[in-house]
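# Reading the structure
Chain residues, written in single-letter form:
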Amino acid sequence: MSAAGSTVRGSVLLGALGSVLLGAGAWAAGALPPGVPDGVWGRRGESVTWVCVAASCAGLVLLVTAWWQLGSRLASGAGVGRWQLRAALWCWALPLVPGPLVGSSDAYSYLAQGALAGRGLDVYALGPAALGGPLAANVPGMWHRSPAPYGPLSVAAARAVVAVTGEQHVVAAVLGLRLVALAGVGLMVWALGRLADTSGPGAAGALWAGALNPLVLLHLVGGAHNDALMLGLVLAGLLAFRRGRWCLGTVVLTAAVLVKAPAAVALLCAAAVTVAGRDGPRQRWRQAARLAGVAAAALVAGVAVCGQGWGWLWTLRTPAAVHTLLSLSTDAGHLLGWLAEGLGWGTAGGAMTAARLAGLLGAWPRWATGCGAPRTPVPNGPRAPGCWRWWSPHRRRSPGTCCGRWCRWRRPTGGGWRGPARRRQWWRSRWW
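Here the structure is a predicted model, which is why all the values come from computation and not from measurement. (Residues numbered from 1 in each chain as written. Predicted model: local features only at pLDDT ≥ 70, side-chain atom pairs only at ≥ 80, totals over all residues. Heavy atoms only, no water.)

### Some points on the overall build of the protein
Regarding its fold elements, the protein presents 17 helices and zero strands. Excluding contacts between residues fewer than 6 apart, the proportion of contacts in the protein whose partners are at least 24 apart in sequence is 71%. As presented, the protein carries roughly 20,800 Å² of accessible surface, and 66% of it is formed by carbon and sulfur atoms. (Helix = DSSP H or I, 4+ residues; strand = E, 2+ residues; numbered from the N terminus. Contact = heavy atoms within 4.5 Å. Areas by Shrake-Rupley, 256 points an atom, 1.4 Å probe, with all protein chains shown as cover.)

### Some details on the nonpolar core
Ranked by internal contacts, the top residues of the largest apolar core, which has 53 residues, are Leu 111 and Leu 177. Put simply, the parts of the chain that give this core at least two residues each are helix H4 (106-118), helix H5 (133-138), helix H6 (152-165), helix H7 (170-195), helix H10 (227-242), helix H11 (246-257), helix H12 (264-276) and helix H13 (281-306). Leu 177 has contacts with Ala 107, Tyr 110, Leu 111, Ala 158, Val 161 and Ala 224, leaving out every residue within four places of it along the chain. (Core = buried A, V, L, I, M, F, W, Y, C linked by side-chain atoms within 4.5 Å. Buried < 20%, exposed > 50% of the residue type's maximum accessible area, 1.4 Å probe, protein only.)

### Quick word on a positive patch on the surface
Together, Arg 82, Arg 194, Arg 243 and Arg 245 make up a positively charged patch on the protein surface. Note on placement: Arg 194 falls in helix H7. (Patch = residues over 30% accessible without salt bridge, like charges linked within 9 Å, V, L, I, M, F, W, Y side chains within 5 Å. Salt bridge = Lys/Arg side-chain N within 4 Å of Asp/Glu carboxyl O. Lys, Arg positive; Asp, Glu negative; His and termini not counted. Charge placed at Lys NZ, Arg CZ, Asp CG, Glu CD.)

### What to know about the packing of helix H3 (residues 82-93) against H7
Packing of H3 against H7 leaves a shortest axis separation of 12 Å and a crossing angle of 170 degrees. Judged by the angle between their axes, H3 and H7 are roughly antiparallel. The crossing of H3 and H7 is right-handed. Residues Arg 82, Arg 86, Leu 89 and Trp 90 of H3 lie in contact with H7, whose contacting residues are Leu 182, Val 185, Gly 186, Val 189 and Gly 193. Each residue belonging to the contact of H3 with H7 can be placed in one class, and the counts come to five nonpolar, two polar and two charged. (Axes fitted to C-alpha atoms, helices over the stretch in contact; angles between N-to-C directions. Parallel < 35°, antiparallel > 145°, perpendicular 65-115°, else oblique. Left-handed = near helix turned anticlockwise from the far one by under 90°. Nonpolar A, V, L, I, M, F, W, Y, C, P; charged D, E, K, R; others polar.)

### Some details on helix H2 (residues 46-75)
Helix length check: H2 (30 residues) gives 44 Å between terminal C-alpha atoms against 44 Å at 1.5 Å per residue, within 8%. In the stretch just after H2, Gly 77 is the one whose phi turns positive, near 90 degrees. (Expected span 1.5 Å × (residues − 1).)

### A word on the packing of aromatic side chains
Following the criterion strictly, the structure yields three aromatic pairs and no others. Aromatic pair Trp 67 and Trp 68: ring centres 6.2 Å apart, planes at 70 degrees, arrangement edge-to-face. Given a relative accessible area of 34%, Trp 68 falls into the partly exposed group. Three or more aromatic residues joined by ring pairs make a cluster, and in this case those are Trp 67, Trp 68 and Trp 208. (Phe/Tyr/Trp six-rings, centres within 6.5 Å; stacked < 30°, edge-to-face > 60°.)

### Regarding the pattern of salt bridges
Under the defined criterion, the tally for this structure stands at two salt bridges. Lys 260 is the salt-bridge partner of Asp 227, the closest N and O atoms lying 3.2 Å from each other. Of the two residues, Asp 227 is situated in helix H10 and Lys 260 in the loop between H11 and H12; the sequence distance between them amounts to 33 residues. The class for Lys 260 is buried, based on a relative accessible area of 17%.

### Structural notes on the packing of H2 against H3
Running from N to C, H2 and H3 cross one another at 175 degrees; their axes reach a closest spacing of 13 Å. When the interaxial angle is binned, H2 and H3 end up roughly antiparallel. Between H2 and H3, the contacting residues are Leu 63, Ala 66, Trp 67, Leu 70 and Leu 74 on the first element and Leu 85, Ala 88 and Trp 92 on the second. Looking at side-chain class alone, the contact of H2 with H3 contains eight nonpolar, no polar and no charged residues.

### Observations concerning the side chain of Gln 308
Here Gln 308 lies in the loop between H13 and helix H14 (328-342). Each residue touching Gln 308, except ones within four places of it in the same chain, is listed here: Ala 117, Val 123, Tyr 124, Pro 152, Val 155, Arg 159 and Val 303.

### Here's the deal with the environment of Ala 160
Note that Ala 160 resides in helix H6. Separated by 13 residues in sequence, Ala 160 and Ala 173 have C-alpha atoms that sit 9.8 Å apart.

### So, unusual backbone geometry
Backbone geometry at Ala 224 places phi at a positive 55 degrees, although glycine is not the residue there. Assignment of secondary structure puts Ala 224 in the loop between helix H9 (214-222) and H10. Looking at Ala 224, the relative accessible area reads 2%, which means it is buried.

### Some points on the confidence of the model for the protein
In this model, the protein carries a mean pLDDT of 77, and residues with pLDDT of at least 70 account for 75%. The weakest mean pLDDT in the protein belongs to helix H16 (residues 401-410) at 36; the strongest belongs to H11 at 95. Note that pLDDT drops below 50 for residues 1-5; the model gives that stretch six contacts with residues more than four away or on any other chain. Between residues 370-432, whose pLDDT stays under 50, and residues either more than four places distant or in other chains, the model counts 99 contacts. (pLDDT = per-residue confidence, 0-100.)

### Section: a nonpolar patch on the surface
A grouping of Val 300, Trp 310, Leu 313, Trp 314 and Leu 316 is seen on the molecular surface, where their side chains present a nonpolar patch of about 540 Å² in accessible area. Locating Leu 313 in the fold gives a position in the loop between H13 and H14.

### Some words on the environment of Gly 176
Tracing the backbone through its elements, the reader meets Gly 176 in helix H7. Judged by its relative accessible area of 15%, Gly 176 is buried. Sequence separation between Gly 176 and Val 97 is 79 residues; the distance between their C-alpha atoms is 10.0 Å.

Take a look at the structure:
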């Protein structure tokens, strides 16, 4: 798909039209609240629903086309400024705000959990079924008796929204969650623009790939998912680490963990990079202890302020207990387990372990010989985020440098692997 002859303004307007069609189509084809069948977001007739489905599909095609055009212009070196991409983001995001949820009804579960917490009930022991009323009726049946798998900060945000709108005003409560998601997206844009502070098209590419892509718009804004708040805090925390404010970064990343637990990966990576940047074992151990202390204090303080207790640590496996066909990885896991049990190769758990091991063994040769990272920019077409210059934590270095430093140490030469001296040299290098 070529961007020849198209202007930035034309791409922005094309994406805005697609977003308007998506938002309009959601009024009949979106995730409507079944507990309020005759409300503002009530069910429509079958003919209207099919028209809205067609409008949503057409809007999605237009939105992806516009996004790809902007990426093609960036890859070709055409001038696309940050302010133009920010304008495109809000032009594409705002039409999704007033409409029903797009593609997911998870926000109804957030609201039910917030209402449970507002009543003083334990959201990590009870499911939305204990709530009753329209909020519980909107939650999909497979989640009715499932405790909240989210952190206490996410529950606290939903509780605040329900406290403002009330339990009977479902539409207003969903719009409140969408405002929280927009705040998370805004934090993402702010942090991305400062993380990607290298010269050239890197900063614009970061905004294009990290904030403007249709997945962000549909999943975070259209679906009002709490991932928006988590990702915004993650990027803000990484920015603080990059600027040398590791204490602030640790607190912000811990807050992201209190939204959703996967943010702990970002905290561990940032901590490892910071520790590796210290000279000498004593300095590294001291820095690791300081990081652990700040993270523990922030975690305890956050849980105390949110007031939900520590039950969330034991409900992290809740999503794994429910099988949804929309998760392709879960579908593959179930298929693998059925085949293993049917053929007498063992249990599903054993088959999953074998699959993970096979994946690691298959990836190892590629990783050990260069990780597959490109050493020169890809000249044609929008590139994956890992190929953009801004993605590497090394400022003003080419793509693949970060990966290449590790691979140069790991690559076998002559009589075998390089020894501890190279390992110490690698760990002493400053990554941030």
